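Tertiary structure, described
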Amino acid sequence: MSVVVLIPPALQKFTNNQAKFECDAESVGDLIGVLEDKCPGIKSRICNESGQIRQFINFYVNSEDIRLLSREQTKLQSGDEVSIVPAVAGG
Amino acid sequence: MTQATVTQKFTPTFTKLVSKEGGVEYPLEALYVCEETFSPLEVAYDYEAIRQQVTREKIQAGPNSIWRYKAFLPVATDNVIDVGTGMTPLIKSNRLARRLGLKNLYIKNDAVNMPTLSFKDRVVSVALTRARELGFTTVSCSSTGNLANSTAALAAHAGLDCCVFIPADLEAGKVLGTLIYNPTVIAVKGNYDQVNRLCSEVGNTHNWGFVNINLRPYYSEGSKTLGFEVAEQLGWRLPDHVVAPLASGSLYTKIYKGFQEFIKVGLVEDKAVRFSGAQAEGCSPIAQAFKEQRDFITPVKPNTIAKSIAIGNPADGVYALDVARKTGGHIESVNDAEIIEGMKLLAETEGIFTETAGGTTIAVLKKLVESGKIDPEETTVVYITGNGLKTQEAIQGYIGEPLVIEPKLDSFELALERSRTLERLEWQQVLV
């Protein structure tokens, strides 16, 4: 499924400074693998040594936090927008 | 910005930014997230340098604002934004204390903080001071209301351009209370977490100082002043117990840091302080994690009238859990009806009109007392963080109506008798 991924500044050095990245993936977990193929080194920033998404990184699919969906198993549809955002809040 | 024209009368004491997970160090710029672990960055200080600069006497002789604690705050010059923020009353409670059965209850009343009637003026004063030092000319924030008010007001005072982002369903009082200062206000059709996410993306493309995003490490340090002031106002001693609201967890953990810093530099004696936290049931990711004895937070979708603390994905949630557990405090939640009752209870016993966040804190205080989790002898400080005039919609319909009469004496006598009858009926419903 063709999706658009919004990349935060901290990860843009892996995507040639692009803030938007298009690729094909079936699920969020799949997407991380695809990103690693195309932008080597990015996975070790997103995931810890056990391969789980780090606690301070949020993934949103069309503005929904994946922890409220199916986490890494969240299925992606064509045209979905996936946002990777560091956890910041308060205000 | 011409550094040469700014007089440096004191030596800054902050030294670097440090990742809260893994300890990677970063320079003192507009950075907020660790590139290795994505964890938040925290300002680090040279405590020996602070110790040499502060004494109780020097602080007492300082400005009647948060800036009397400047040695503990992350600013590099004397050119601070000071409109008298902070040094809000610490009130010894009589009637609320008696109603709850507590002997030593104090209320820290930021409902009257200057200039925008919430604790946010503290963190924004620090953030905008630092923003100016770093050369930002436009400042911004993502806000549930109080932060927008404060950022817009202090930006106006400082002559900085301002653009604030809020959820579109924010209370009218808070929207008005931002628009008056003439910033650009962007009302996003979504909840606060979605506003935050959008702002992270805006921050990537515009070189703006987002007080609670790329300036967050400096911004959040302002909350320590809530701890400093209580320690000073109690006569240079720490309380036994504090109850504070929990949104992102930042205020709560920074009050703890503030107490620890005062101990570290020798301004107060070391003693244990229990930290309890208050959340609304309709958005209680931290309280749920505490109850279930988890050390991770599961985000929730907020659904509560306490919009100012409705953060479904609290960035400092895990640190708040840590503070509560290691100090022997409790993190509790209350429902919307209890929040309203909390607002009314505080107003009717102490004459303080707080917003829904304050109602939440009072309701949790009451809940903790009723479940035997507060010793009546403990010196307990409850933090009231915002003014009730800002959330009038929440209380509308729960506080009765005036008695309307003709301009005649007998009309008045009838109404008075009626009001006394209504009071008697209310009394009869109160369980003793």
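Residues numbered from 1 in each chain as written. Chains lettered and ligands numbered in written order. Predicted model: local features only at pLDDT ≥ 70, side-chain atom pairs only at ≥ 80, totals over all residues.

This next bit is on the interface of chain B and chain A. Listed by partner, the interface residues are 32 residues for chain B and 23 residues for chain A. If you list the elements that add at least two residues to the side of chain B that touches chain A, you get β6 (138-142) and α7 (192-205) of chain B. At six residues, the largest contribution of residues to the side of chain B that touches chain A is made by α7 of chain B. Residues belonging to the side of chain B that touches chain A are distributed by class as follows: twelve nonpolar, 15 polar and five charged. (Contact = placed C-beta atoms within 7 Å. Helix = DSSP H or I, 4+ residues; strand = E, 2+ residues; numbered from the N terminus. Nonpolar A, V, L, I, M, F, W, Y, C, P; charged D, E, K, R; others polar.)

A separate point is the domain arrangement of chain B. Residues and elements named next belong to chain B. One can read the domain layout of chain B as domain 1 (3-84 + 120-219) and domain 2 (90-116 + 223-395). Of note, the centres of domain 1 and domain 2, computed from C-alpha atoms alone, are 22 Å apart. Each partner contributes residues to the interface: domain 1 has 31 residues there, and domain 2 has 30 residues. (Domains from an automatic or database assignment.)

Residue and element names in this part refer to chain B. With 144 residues, the main nonpolar core has Ala127 and Leu128 as its most contacted residues. Residues lining this core come from more than one domain, with at least three contributed by each of domain 1 (3-84 + 120-219) and domain 2 (90-116 + 223-395). Residues within four places of Ala127 in sequence aside, it is in contact with Val211, Leu215, Tyr218 and Tyr219. (Core = buried A, V, L, I, M, F, W, Y, C linked by C-beta atoms within 7 Å. Buried ≥ 20, exposed ≤ 12 C-beta atoms within 10 Å, placed from the backbone.)

The next point concerns helix α10 (residues 250-264) of chain B. Residues and elements named next belong to chain B. Taking 1.5 Å as the rise per residue, α10 with 15 residues should run 21 Å; its terminal C-alpha atoms sit 20 Å apart, in good agreement. Within the sequence span of α10, burial applies to Ser250, Leu251, Tyr252, Thr253, Lys254, Ile255, Tyr256, Lys257, Gly258, Phe259, Glu261 and Phe262. On its buried side, α10 packs onto α8 (216-221), α9 (224-233), β10 (241-245), β11 (274-280) and α12 (317-327). Trailing α10 by a residue or two, Gly266 shows a phi angle of about 85°, which is positive. (Expected span 1.5 Å × (residues − 1).)

Before going further, it helps to spend a moment on the sheet that holds strand β9 (residues 209-210) of chain B. Residue and element names in this part refer to chain B. In spatial order, the strands read β8-β7-β6-β9; together these four strands make up an open sheet with parallel pairing. Each edge of the sheet is formed by a strand with only one pairing partner; in this case those strands are β8 (184-188) and β9. Two elements, β6 and β9, share two bridges in a ladder whose sense is parallel. Along β9, the bridge assignment pairs Val139 with Gly209. On top of the sheet, helix α5 (residues 146-158) reaches β6 and β7 (161-167); it is set at about 170° to β7, its chief contact. (Pairing = 2+ DSSP bridges. Axes fitted to C-alpha atoms, helices over the stretch in contact; angles between N-to-C directions.)

Residue and element names in this part refer to chain B. Packing of α10 against α12 brings their axes to within 9 Å, and their N-to-C directions diverge by 50°. On the basis of their axis angle, the class for α10 and α12 is oblique. At the point where α10 passes α12, the crossing takes the left-handed sense. Between α10 and α12, the residues in contact are Tyr252, Thr253 and Tyr256 and Tyr319, Ala320 and Val323, respectively. (Parallel < 35°, antiparallel > 145°, perpendicular 65-115°, else oblique. Left-handed = near helix turned anticlockwise from the far one by under 90°.)

All names here are of chain B. A sheet is described by the order of its strands in space; here six strands give the open sequence β4-β5-β13-β10-β11-β12, paired in mixed fashion. At either margin of the open sheet sits one strand with a lone partner, and together these are β4 (90-92) and β12 (331-334). Neighbour-to-neighbour, the strand axes of the sheet open up by a mean angle of 25°, direction not taken into account. Of the strands in this sheet, β11 and β12 touch α12, which is tilted by about 135° from β11.

A negative phi angle is the norm for most residues apart from glycine, just as the trans form is the norm for most peptide bonds. Cis geometry marks the peptide bond from Met114 of chain B to Pro115 of chain B, where omega comes out at 5°. Looking at the element boundaries, Pro115 of chain B is found in the loop between β5 (104-109) and α4 (120-133). Its identity as a non-glycine residue notwithstanding, Arg71 of chain A has a phi of 50°, on the positive side. As for its placement among the helices and strands, Arg71 of chain A is situated in the loop between β4 (64-65) and β5 (81-86). By C-beta crowding, Arg71 of chain A is classed as partly exposed, having 15 other C-beta atoms within 10 Å.

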